[in-house]
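Observations on the model geometry
The primary structure of each chain is shown beneath.
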Amino acid sequence: MQTSFSARQLADPAMAASEAVIRKCVHCGFCTATCPTYVLLGDELDSPRGRIYLMKQMLENEREPTAEVVKHIDRCLSCLSCVTTCPSGVNYAHLVDHARAYIEARYRRPVIERMFRALLAAVLPHPRRFRAALMLARLVRPVTPLVGRIKALGPMAAMLALAPRGAAQAPSAVSSPATAPRGRVVLLQGCAEPVLRPEIRAAAVRLLNRSGYDVAFAQGEACCGSLVHHMGRDQEGLAAARRNVDAWDREIARGLDAIVITASGCGATIKDYGFMLRDDPAYAEKAARVSSLARDVIELLDAAGLPEGKGGEGIKVAYHAPCSLQHGQQITSAPQRLLTAAGFAVRTPAEAHLCCGSAGVYNIMQSGIAGQLGDRKVASLERLQADVIATGNIGCAIQIGQRTGTPVAHTVELLDWATGGPIPPALSGALNRGPADDGA
Ligand code: SF4
Ligand code: SF4
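Now for a description of the structure that goes with this document. What you are looking at is a predicted structure, and each value in this text was computed from that prediction instead of being measured.

So, the site of ligand 2
Of all residues adjacent to ligand 2, which total 15 residues, the nearest are Cys25, Cys28, Cys31, Cys86 and Ser88. When residues of the shell around ligand 2 are traced back to their parent elements, those giving at least two are α4 (48-60) and α6 (81-85). Each residue belonging to the shell around ligand 2 can be placed in one class, and the counts come to ten nonpolar, four polar and one charged.

Some thoughts on the sheet that holds strand β7 (residues 388-391)
Adjacent strands of a sheet form backbone hydrogen bonds with each other and so pair up, either parallel or antiparallel. With respect to topology, four strands assemble into an open sheet ordered β6-β5-β7-β8, the strand pairing being parallel. The open sheet has two edge strands, β6 (345-347) and β8 (408-410), and neither has a second partner. When strand polarity is set aside, the average angle formed by the axes of neighbouring strands in this sheet is 35°. In the sheet, strand β5 (residues 316-319) pairs with β6 via three bridges, with the strands oriented parallel. Bridge pairing in β6 places lysine 316 opposite alanine 345. Lying on the sheet, helix α21 (residues 334-341) is in contact with β5, β6 and β7; it crosses β5 at an angle near 175°.

As for the pairing of strand β3 (residues 258-261)
Residues Ala258 and Val260 line one face of β3 and the alternating positions Ile259 and Ile261 line the opposite face, and both faces are buried. Pairing geometry for strand β1 (residues 183-187) and β3, over three bridges, is parallel. Bridge pairing in β3 places valine 186 opposite isoleucine 259. Both β3 and strand β4 (residues 294-296) contribute to a ladder of three bridges, which runs parallel.

Here we look at the packing of α4 against helix α5 (residues 67-74)
Across the interface, α4 lies against α5 with an axial gap of 10 Å and an inter-helix angle of 135°. Compared by their axis directions, α4 and α5 come out oblique. As α4 packs across α5, the resulting crossing turns out to be left-handed. Here α4 contributes Gly50, Arg51, Leu54 and Met58 to the contact with α5, which in turn contributes Val69, His72 and Ile73. In terms of residue class, the contact of α4 with α5 is built from four nonpolar, two polar and one charged.

Observations regarding unusual backbone geometry
Here the phi dihedral of leucine 80 falls at roughly 65°; this positive angle occurs in a residue that is not glycine. Tracing the backbone shows leucine 80 in the loop between α5 and α6. Classification of leucine 80 as buried rests on a count of 24 C-beta atoms within 10 Å. You will see that glutamine 385, though not glycine, has its phi angle at about 50°, which is positive.

Some details on the pairing of β5
Of the pairings in the sheet, the one linking β5 to β7 comprises three bridges and is parallel in character. Across the sheet, residue tyrosine 319 finds its bridge partner in β7, namely alanine 390.

Section: helix α18 (residues 284-293)
Every buried residue belonging to α18 is among Ala287, Val290 and Ser291, and all of these are buried. The arc that holds every buried residue of α18, seen down its axis, measures 100°, which confines them to one face. Looking at the buried side of α18, the elements it contacts are α15 (234-253), β3, α16 (264-270), α17 (273-276) and β4.

The rules behind these values
Residues numbered from 1 in each chain as written. Chains lettered and ligands numbered in written order. Predicted model: local features only at pLDDT ≥ 70, side-chain atom pairs only at ≥ 80, totals over all residues. Near = placed C-beta within 6 Å. Helix = DSSP H or I, 4+ residues; strand = E, 2+ residues; numbered from the N terminus. Nonpolar A, V, L, I, M, F, W, Y, C, P; charged D, E, K, R; others polar. Pairing = 2+ DSSP bridges. Axes fitted to C-alpha atoms, helices over the stretch in contact; angles between N-to-C directions. Contact = placed C-beta atoms within 7 Å. Buried ≥ 20, exposed ≤ 12 C-beta atoms within 10 Å, placed from the backbone. Parallel < 35°, antiparallel > 145°, perpendicular 65-115°, else oblique. Left-handed = near helix turned anticlockwise from the far one by under 90°. Arc of directions from axis to C-beta.

Here it is, written out as structure tokens:
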């Protein structure tokens, strides 16, 4: 696409990066077919090509963002299905992140929306605050239908509906030293996942230990910054990235083979730290090193090989690929390959490329579209008549689990179980048979 950014504009590295992305787009429209919002809404301005055009107009002409432009950019899930489809290598992710930061700096949202966005940014990345908010949400859950009737409070109703009914039990996630160390890794402790489903981290530690890895937790590490980064709160996202780079840099100095992540949404962002901090002389090199060491837990296990065990035999798994894993990190076949190796019968749903509607805080801020995508995803998963749904991101697990009676587990929990670990809590009592009682 032809552009006409001025030399002054291109002196800004963020603008120059966006201009390079826009120039790569040849307007072919292949991406529209795989964009969830275009598939649902059928509006060109809710397609990747339409959004690229809107962002070009806004950035190139240094326009104040209008409510109309903000509406179409806000509706984008950042699922990156368009990136997988695009034959021209358009890095839509970097462009939309820049546009979101541009909008955040210049557009005054309605007061209620501003309030919710500030609340989400202040609570979700902090496990203690998030835990307290969930307790509060459980108390006020009975008034959810009432809240849902007030249009402006839609995000509040969506937030209350997403809160799990019971408090998560926290199993031990202490790393026992591996018997035959293959290496040493740091496991991201995360923010939402350990509050909602602490059993995922515990399963990852056990499985990594049995695969020969010593697992450490880095002091001073915090939320990866993904939630605020994708809301356009640029400085908060960069501050989180710097804090984590510092924490992991200390671990790298002690010898580190990988930074392992169990939530694929976080992994996609950490792999992008090198880009996010490229213009910061104090952090560019360290951040690039951190990104090069970042591995999704499945990616690492696929390279290292699973411990012995075929305990999944006789169990049907419907695999839901998180967008941040299949599109954001281009990890497509490893989860099914490992589940199959552990004995599970893996099935893939129709429209596997389409987002489930979770997408960070999207299912709170855009609950209508998110709900439609969630229902559509669950319908295609349930058609597979599996015993369990596996996925690799906490957001997807909550979004899907809210809509189905089929148990939902993280892929790493199933792999741990099939190779000697305990049954995942989500499956406990839900199956007639399983590895624990197989043949006994
Ligand atoms: S990131 Fe997803 S929702 Fe956004 S334009 Fe691309 S395909 Fe569509
Ligand atoms: S597929 Fe790529 S090049 Fe074609 S319109 Fe979409 S973003 Fe542009």
